[in-house]
Amino acid sequence: MTARTRRTAAKRREHLWCYVLLLPLLVAFGGFTLWPIVASWWYSLFDWDGVGNPTEWVGLANFVEVLTAPDFWRAFWHTFLFSLVAILIELPLALAFAILLNNARLRGRNLYRLALFVPVVTTTAVVGIVFVALLDPVRGAVNEILLAVGLVDAPINFLGSTTTALPTLMGIDLWKGFGISLIYWLAALQTVPKDLIEAAQLDGARRASIVRHIMVPVMAPIAIVIMLLLFQRSLGTFDLVQAMTAGGPVYSTDVVPTYIYRYAFSPEMQAPRYGFACAAGVVFGLLTLVLTLLQAPALRYRKRVAV
Amino acid sequence: MSHVRHAQMSRRSVLTAGLGAAAGLGLAACGSSEDPSGGGSSSGGGATVELTLALIPDPPGASEFYRAQMDAFEAANPGIRINIIENPGDQQLSAVELMFQQGNAPDIYRAQAAGFDRMYSRGWARSLEEFVTDDFRSRFPEGSLEPASSGLHRNGELYSIPLVWGKWSAMDLFVYNRSLLAASGFDAAPTTWGELEEIARAVTADGGGQVFGMAPEQASGIVRMSRQGVPYSIPGDGINLMTGEPDTANPTMIEAVELMRRMNAEGSLITGWESWDSSRSYTEFAAGSFAMYTAQSWHIAEIRNLNPDIEMGIVAVPVPDSGRASYTPITQQFDPLWSMSSETEHPEEAWLVLDFLASADFYRAYYEEFGTLTAMQSVWEDEIQANPDLSEVFGVAESTMQVVPNPKLASEGGATILNARAERPELRFTDSALESMIKNEDFAPKAAALDEQLRTFLDEIFATGDASVEDISFPDWDPLQPYDAAN
């Protein structure tokens, strides 16, 4: 056996082990991610209630129905609003907090970090139930306090009003997920070379200038990744909405995941409409992909900056 | 060289260990899948037969009740063991369907209302006709088990066993807090929609933001109110059975929604009702947060349990100012509830359980435990006089409910239409009515739009030839008179 052959064989053995060790992950990916996607595409072509094998072929009828359903587009608009709040409010707010909490001289900063991160690890359904109780206009703590201090003279119907329900959910969702964004930004801040900051400080640069001309450019590549991750996460908002309002009142907080859930699983349906729900899921997935691709210029910018 | 050899041995050991672990997991999984406690039925050691009973543990305390009852059954039938599987009410049907699909169907399961028809249509319910005896029939009122009207039969055969009195699930009750009304100067419950509005306004004005006139009970409350003024099928399905035509835009139907809309706009409906779950109405009523609402029958016992001293009155739902134009419908003698699986391997033993669930002892125990008027009237009819609440409930039911045409039972075409309509919840007035109330928008145009959609829906069904307008038309029916299907 030549030396070259031995090296090739050694590499193959090494690679084989990599594939062997990755196999469980690949199986899980195939079973829980790839197969459901493929199955959704297939089921979306049938009028199927989830029992037995789908037999009633309807072609693209489910897709036509989804695309022409005002309720779907309303739900999609709400989903998109969650993303806008995440990008336009949560992202910069978390950056501001991260800069503050990254200051080594700030006393108790770890405690503040913990306080901001705790909501992330709490169960969303429990958070939802607790907030429903807190916000209730009848004996809810929030309204009791507002009334007691005289800020309002009548209870605020946070979750029962079509004008306040969605903003309320968005606020809670922002609070719930804020810790993740904060951690992302804190991690990003660690990539900024301290010597650059120190050099700038020695040259008399002010804090705002340091943020603008050093921190932001250095973190830009990671910032774009953070934005994409946040965007993706916010598009999938489901559990909080389902736990608190289930899309109500009168669908004013309906998001695409709750819309899909209703057609697939809601007991108010005489029979589940799995085929239609799958079609809605596929359409939503495609729309998400399109929205993500619209951010391609940002990705290209990231590459240029990284270089 | 020594280092390389060591690495190879380590990797081989890891692989061997991994394969061994995988094999172990596989064997464990095989063992787990054979465990009968996960559902399904099987013969245990000796002659013991294990049956699975899938049920909904409601009302509160039902879990313990059913276990105790099944323990009593097992004691009386030593060769049978009952495994109870509990599912939340809104998940029972899906859970049972999943069990059937996975091949571990329960032997007996609870499936009620449309859920029963769903299971029957899938062929998952077994006919009970062969087990019925004269003794069984004698437990129920004469004629109540006639196939055409019982509600428990399909294609002339018995398929389900009832739990509650036929009127129990369908009755419309109006409960009010005597103390709150008296505090606002009213010594009696409202009998008309106008009086309702007046009393609610007064109670709210006197409540100082803490007590309100009424809770609407979501869309269900509108259904109960409106069907005192229009044929029951209009709020139910959007179709007027007198004509076979869509009629959501019926003037009295619109009037009912507009009443609720006005009351909401002026603050007479309790703040926050829009986001309530199903239990909030009776818990808040018991707490004295509002004065009146249209209640479900099982709420009565819950209210009394929560507030034993509440001065609660139970009366008929108020009618339109122009007078009663319809009655709360009796569409069938009983609501189906308990079914036997078509896949059970022990039908005789399963029938023993069903027969027990339809026994005088069980019905009496359920009545005594939960205050529910059970399907066997004889076990409670002499006792309710001692219970003021149930006396009032019984009185309201007897005076406000009448037999009505039921297209589902009358013809296959009728069943086709109404089952298809039920699969299209967006065609019902519910969402539009709630939207009108919450956003303070006119209901009439929404109702008209719904009727147009219903028109299209019906035309599509008629075009298939599976049904016709005759299947949903009963021109001789007078909503103020009991309907006689025989004529």
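Scroll up a little and you will see the structure.
Keep in mind the model is a prediction, meaning the values are calculated, not measured.

Student: Tell me about the packing of aromatic side chains, residues and numbers included.
Tutor: Residue and element names in this part refer to chain A. The tally for this structure, following the rule as stated, stands at 49 aromatic pairs over all chains. Taken together, a centroid distance of 5.7 Å and an interplanar angle of 70 degrees make the contact between F72 and Y259 edge-to-face. Residue F72 is found in helix α3 (residues 70-101), and its partner Y259 is found in helix α11 (residues 256-265); the two are separated by 187 residues along the sequence. Given a relative accessible area of 1%, Y259 falls into the buried group.

Student: Describe the environment of A187(A), naming the residues involved and giving the relevant values.
Tutor: Along the chain, the position of A187(A) falls in helix α7 (residues 165-189). For A187(A) and L159(A), which are 28 residues apart along the polypeptide, the C-alpha to C-alpha distance reads 36 Å.

Student: Pulling in residues and values, what's your account of the pairing of strand β12 (residues 290-295) of chain B?
Tutor: Here is the key point about a regular strand: its side chains alternate between the two faces of the sheet. All names here are of chain B. Buried residues dominate β12, accounting for 6 of its 6 residues. Judged from the 4 bridges that link them, strand β8 (residues 173-177) and β12 form a sheet pairing that is antiparallel. Of the residues in β12, the one forming a bridge with L173 is A295. Across 2 bridges, the pairing between strand β9 (residues 212-214) and β12 is parallel. Looking across to β12, one finds that F212 is bridged to F290.

Student: Describe the interface of chain A and chain B, naming the residues involved and giving the relevant values.
Tutor: In this assembly, 25 residues from chain A lie in contact with 30 residues from chain B. Taking both sides of the interface into account, the surface hidden between chain A and chain B amounts to around 2,500 Å²; carbon and sulfur atoms contribute 55%. Among the residues of chain A in contact with chain B, W17(A), V250(A) and Q270(A) are the three that bury the most area, contributing 28% of the side total. Joining chain A to chain B, the criterion identifies 3 salt bridges. Note that D49(A) and R122(B) form a salt bridge whose closest N and O atoms lie 2.7 Å from each other.

Student: Which residues make up a negative patch on the surface, and what values go with them?
Tutor: There is a patch of like negative charges on the surface, built from E195(B), E198(B), E255(B) and D321(B). By secondary structure assignment, the location of D321(B) is in the loop between β13 (312-315) and β14 (328-330).

Student: Outline the pattern of salt bridges, listing residues and values.
Tutor: Residues and elements named next belong to chain B. Under the criterion given, the structure shown has 36 salt bridges over all chains. Across the salt bridge formed by D117 and R154, the nearest N and O atoms sit 2.9 Å from each other. A residue pair is termed long-range when its members are at least 10 positions apart, and D117 in helix α4 (residues 114-121) and R154 in strand β5 (residues 153-154) qualify at 37 residues. Residues D117 and R154 agree in their burial class; the two are buried.

Student: How would you explain the packing of α3(A) against α11(A) if you had to name every residue and give the values?
Tutor: All names here are of chain A. Between α3 and α11, the least distance of the axes is 7 Å, while the angle of their chain directions is 140 degrees. Contact residues: α3 offers D71, F72, A75, F76 and T79, while α11 offers V256, P257 and Y259. For the contact of α3 with α11, the residue count by class is 6 nonpolar, 1 polar and 1 charged.

Student: Could you give an account of the side chain of N240(B), naming the residues involved and the relevant values?
Tutor: By secondary structure assignment, the location of N240(B) is in strand β10 (residues 239-240). A distance of 3.0 Å separates a polar atom in the side chain of N240(B) from a polar atom in the side chain of D247(B).

Student: Provide a residue-level description of the sheet that holds β13(B), including the pertinent values.
Tutor: Residues and elements named next belong to chain B. Spatially, the 4 strands line up as an open sheet ordered β9-β12-β8-β13, and their pairing is mixed. Looking along the sheet, the strands with just one partner apiece sit at the ends: β9 and β13. The average angle at which neighbouring strand axes cross in this sheet is 20 degrees, direction not considered. Sheet topology note: the β8/β13 ladder contains 4 bridges and is antiparallel.

Student: Explain the environment of D136(A) residue by residue, including any values.
Tutor: Relative to the helices and strands, D136(A) resides in the loop between α5 (124-135) and α6 (141-148). Separated by 102 residues in sequence, D136(A) and L34(A) place their C-alpha atoms 42 Å apart. Every residue in contact with D136(A), bar those within four places of it in the chain, is listed here: N143(A), W276(B) and R280(B). Looking at D136(A), its side chain comes within polar contact range of the main-chain nitrogen of V138(A), at 2.8 Å.

Calculation criteria
- Residues numbered from 1 in each chain as written.
- Chains lettered and ligands numbered in written order.
- Predicted model: local features only at pLDDT ≥ 70, side-chain atom pairs only at ≥ 80, totals over all residues.
- Heavy atoms only, no water.
- Phe/Tyr/Trp six-rings, centres within 6.5 Å; stacked < 30°, edge-to-face > 60°.
- Helix = DSSP H or I, 4+ residues; strand = E, 2+ residues; numbered from the N terminus.
- Buried < 20%, exposed > 50% of the residue type's maximum accessible area, 1.4 Å probe, protein only.
- Pairing = 2+ DSSP bridges.
- Contact = heavy atoms within 4.5 Å.
- Buried area = accessible area lost by both parts, 1.4 Å probe.
- Salt bridge = Lys/Arg side-chain N within 4 Å of Asp/Glu carboxyl O.
- Patch = residues over 30% accessible without salt bridge, like charges linked within 9 Å, V, L, I, M, F, W, Y side chains within 5 Å.
- Areas by Shrake-Rupley, 256 points an atom, 1.4 Å probe, with all protein chains shown as cover.
- Lys, Arg positive; Asp, Glu negative; His and termini not counted.
- Charge placed at Lys NZ, Arg CZ, Asp CG, Glu CD.
- Axes fitted to C-alpha atoms, helices over the stretch in contact; angles between N-to-C directions.
- Nonpolar A, V, L, I, M, F, W, Y, C, P; charged D, E, K, R; others polar.
- Polar contact = N/O pair within 3.5 Å; in protein donor to acceptor, adjacent residues only side chain to side chain.

Just distances and angles here, no functional claims.
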